[in-house]
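Each chain is listed here by its residues.
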Amino acid sequence: MDNNQIILLIIIHSVICLIYFAVNLKFKSLQDSFYKFFIIFFLPGVGLLFLIFLAILNKIPNRSDSIVDSYLEHIRGQKNVYYEEVVDFEKEMNTVPLEDSLNFSNNKSKRAYLIYILKKDFVSHIKGLQKAIKSQDTETSHYAASALMEIKKQFEILLANSYEKYKNNKDNVNVIQEYANTLK
């Protein structure tokens, strides 16, 4: 082989590497494209065959992954399983009862904690919300009053729905029991 043939092979190899880099860059990240470019460039022929072989292997579905994915989908679809994506453990561990927060915190902390409670399950904090209405801070008492009004509205809707079911099915024991529980 003379020098012209070697230079021609290097140019052809470099063009193939650059074409592969450009195509890979369109579908993958820059880091992945550089990684594959260097493999092809420094392992002529073998590097390209290696990456083609890896691409073919990645196209073959992994049976165990599909089983796990279908199981997770099944679990999430169940009505009796509660699934929560993210829990802020530090915030959950540092939770103070609403009554204590109203007694000992400054106005900014009261408001922040009240908003935190309102974003979660404020129905279980009715007594604390009633106490928060009496707060000297008008914004805190406004938040509490708004939450209590929302609870009242939800209860009225629940009561109206139960009454409507009772009115339409006065002979059904389950409907009567549901209406009685709602009134209770």
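These figures come from a predicted structure and were not determined experimentally. (Residues numbered from 1 in each chain as written. Predicted model: local features only at pLDDT ≥ 70, side-chain atom pairs only at ≥ 80, totals over all residues. Heavy atoms only, no water.)

Caption draft 1: A look at the side chain of Ser162. Mapped onto the secondary structure, Ser162 falls in helix H9 (residues 138–168). Residues contacting Ser162, with those up to four places away along its chain left out, are Glu178, Tyr179 and Thr182. (Helix = DSSP H or I, 4+ residues; strand = E, 2+ residues; numbered from the N terminus. Contact = heavy atoms within 4.5 Å.)

Caption draft 2: Representation of the pattern of salt bridges. Going through the model one piece at a time under the given rule, you end up with four salt bridges. For Glu156, the salt bridge identified is with Lys152, shortest N-O distance 3.3 Å. Note that Glu156 and Lys152 are positioned in helix H9 at a spacing of four residues, about one turn of the helix. For Glu156, a relative accessible area of 41% puts it in the partly exposed group. When the shortest N-O distance is used, the salt bridge between Glu164 and Lys167 registers 3.9 Å. (Salt bridge = Lys/Arg side-chain N within 4 Å of Asp/Glu carboxyl O. Buried < 20%, exposed > 50% of the residue type's maximum accessible area, 1.4 Å probe, protein only.)

Caption draft 3: How the structure looks around the packing of aromatic side chains. Summed over the entire model, instances satisfying the criterion amount to seven aromatic pairs. Taken together, a centroid distance of 5.7 Å and an interplanar angle of 70 degrees make the contact between Phe21 and Phe37 edge-to-face. Of the two residues, Phe21 sits in helix H1 (residues 3–27) while Phe37 sits in helix H2 (residues 30–42), which places them 16 residues apart along the sequence. Here Phe21 matches Phe37 in class, with each residue buried. Ring pairs connect the aromatic residues Phe21, Phe34, Phe37, Phe38, Phe41 and Phe42, which therefore count as one cluster. (Phe/Tyr/Trp six-rings, centres within 6.5 Å; stacked < 30°, edge-to-face > 60°.)

Caption draft 4: Representation of the layout of surface pockets within the structure. Put simply, the largest pocket is a space of about 210 Å³. As for the largest pocket, its lining consists of Tyr20, Lys28, Lys36, Leu51, Leu54, Ala55, Asn58 and Lys59. Ranked by the residues each element gives to the lining of the largest pocket, the list is headed by helix H3 (residues 46–59), at five residues. (1 Å grid on protein atoms, 1.4 Å probe; cavity = no way out; pocket = protein on both sides within 12 Å on 5 of 7 lines; lining within 4 Å. Points joined across faces, edges and corners; volume = space filled by probe spheres on them.)

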